[in-house]
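Report on the structure
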Amino acid sequence: MGGYVIRRLLISIPVLFLVTFLVFTLIEIAPGDVVDYFISPESMQYTTEADIQRLRERTGLDQPFLVRYGKWLGHLAQGDLGYSFVESKPVGGLIVDHMKNTLPLMGAAWLMGIVFGITLGVFVGLRQYSVWDFSLTGFSFLGLSIPAFISGILGLYIFSVRLGWFPAGGMRTAGGESSLSDSLYHLVLPATTLALMDIARNMRYMRFSMLEVLNQDYITTARAKGLRPRLVNYRHAMRNALLPVVTVTGMSLPQLVAGAVFIETIYSWRGMGTLYLNAVSGRDYPVIMGVNLVFAVMVLGANLLTDIVYSIVDPRVRFEG
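Computed from a predicted structure; not experimentally measured. (Residues numbered from 1 in each chain as written. Predicted model: local features only at pLDDT ≥ 70, side-chain atom pairs only at ≥ 80, totals over all residues. Heavy atoms only, no water.)

**Concerning the overall build of the protein**
Short version of the rule: Secondary structure is summarised from DSSP: a helix means a run of H or I of at least four residues, a strand means a run of E of at least two, and numbering begins at the N terminus for each. Think of it in three bands: residues with accessible area under 20% of the maximum for their type are buried, residues over 50% are exposed, and the middle band is partly exposed, with areas taken using a 1.4 Å probe on protein chains only. Note on contacts: a residue pair qualifies if any of its non-hydrogen atoms lie within 4.5 Å across the two residues. Each accessible area is a Shrake-Rupley result for a 1.4 Å probe, and residues are judged covered by the shown protein chains and nothing else. When charges are tallied, Lys and Arg are placed among the positive residues and Asp and Glu among the negative ones, while His and the ends of the chain are skipped. To locate a charge, take NZ of a lysine, CZ of an arginine, CG of an aspartate or CD of a glutamate.
Within the protein one finds 12 helices and zero strands. Listing each helix as α and each strand as β along the protein from the N terminus yields α-α-α-α-α-α-α-α-α-α-α-α. The principal-axis extent of the C-alpha atoms belonging to the protein is close to 85 × 55 × 35 Å. The proportion of buried residues among the 321 residues of the protein is 41%. A separation threshold of at least 6 residues defines the contact pool for the protein, and within that pool the share at least 24 residues apart is 74%. Summing over all exposed atoms, the protein offers an accessible surface of approximately 17,800 Å²; the carbon and sulfur share of this is 66%. Averaging the positions of the 25 positive and the 22 negative side-chain charges in the protein gives two centres separated by 14 Å.

Put into structure tokens, the structure is as follows:
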């Protein structure tokens, strides 16, 4: 196991290098001049070419593309992600500040996707062609069809504006004392809307997997031996049915990251998504590079964790050192 983990970590290094290079290239070839974002529209008419050139030299934008990328890598090797053009703060500190808010949101959504998705999948898998099966299958199609920014707006309108069950935005009550219950109250709606697609997908995979496993010969044999249905369904069938769902769950993290960008914007959640959107709109490339690097590390880490969990769920899987 230890050798496998080390090999995967070594393989991740060129992947991260490729991701950062592609993002840096996309920023470079995007239309417009980054320096234009430093000049306000009111002062544009008073700005001369000499002023623009001084801005380029001060921010290092006058240097060739590969030189700037090489310098960014050099600073990264020293643990320095650069300095934000827009916020005028170290990128590392900005990411830490916003990540503290994003992790509870993504973690809650991920957990809800696993718990509710698997539970509902097993439930309808054991009740094929029932009213529950048709109803929840319809719900899963709906959840898979609606993108995060639509479900976020619908959730905000129905549960906040019309019903008033949840706050319309923010992470805590304005002017009130910060408490765990207040934070959870603000977290429920954005986390649920973010988890909607995960719940639907995990439920679909778990249902299909349960139906496939329940028709296997060893399940028939277990029933013929007189084992209790609960034991057959949950100890023999469910454990084997979990294998494909574990893979899907691990691969859902990139979609959660993308969904968090929209959900955080809709619910005024001061997290990584908000930071990323502000950086993109301001062409703040040090922040864009830093956030993409963190997201890439999270995705690679989730894939590695998925493989480890897979070996725990399925004892047949072994890692050769």
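Moving on from the model shown.
**What to know about the side chain of threonine 137**
Among the structural elements, threonine 137 can be located in helix α5 (residues 131-145). Excluding residues that lie within four positions of it along the chain, threonine 137 makes contacts with Trp132, Met203, Arg204 and Arg207.

**A short note on the packing of helix α4 (residues 91-125) against helix α11 (residues 272-281)**
This is how it is decided: Comment: axis = line fitted to C-alpha atoms, over the contacting stretch for helices; angle = value between 0 and 180 degrees taken between N-to-C directions. An angle counts as roughly parallel when it lies under 35 degrees, as roughly antiparallel when it exceeds 145, as roughly perpendicular when it falls between 65 and 115, and as oblique in every other case. Gly falls in the polar group here, along with every residue not listed as nonpolar (Ala, Val, Leu, Ile, Met, Phe, Trp, Tyr, Cys, Pro) or charged (Asp, Glu, Lys, Arg).
It is at 7 Å that the axes of α4 and α11 come closest, and there the two elements cross at 135°. Compared by their axis directions, α4 and α11 come out oblique. Where α4 approaches α11, its residues Leu94, Ile95, His98, Met99 and Thr102 are matched on the opposing element by Met272, Gly273 and Leu275. Partitioning the contact of α4 with α11 into residue classes produces five nonpolar, three polar and no charged.

**Concerning the nonpolar core**
Operational definition: As used here, the term nonpolar core means buried Ala, Val, Leu, Ile, Met, Phe, Trp, Tyr and Cys residues forming a set that is joined through side-chain atoms within 4.5 Å.
Core analysis: the biggest nonpolar cluster contains 55 residues, and Ile95 and Met272 have the highest contact counts within it. The biggest single contributor to this core is helix α12 (residues 285-313), with 11 residues. Sequence-distant contacts of isoleucine 95, defined by excluding residues within four places in its chain, comprise Leu81, Met272, Leu275, Gly290, Val291 and Val294. In terms of nonpolar packing, the next biggest core, distinct from the first, is built from 13 residues, Val232, Ala237, Ala241 and Val245 among them.

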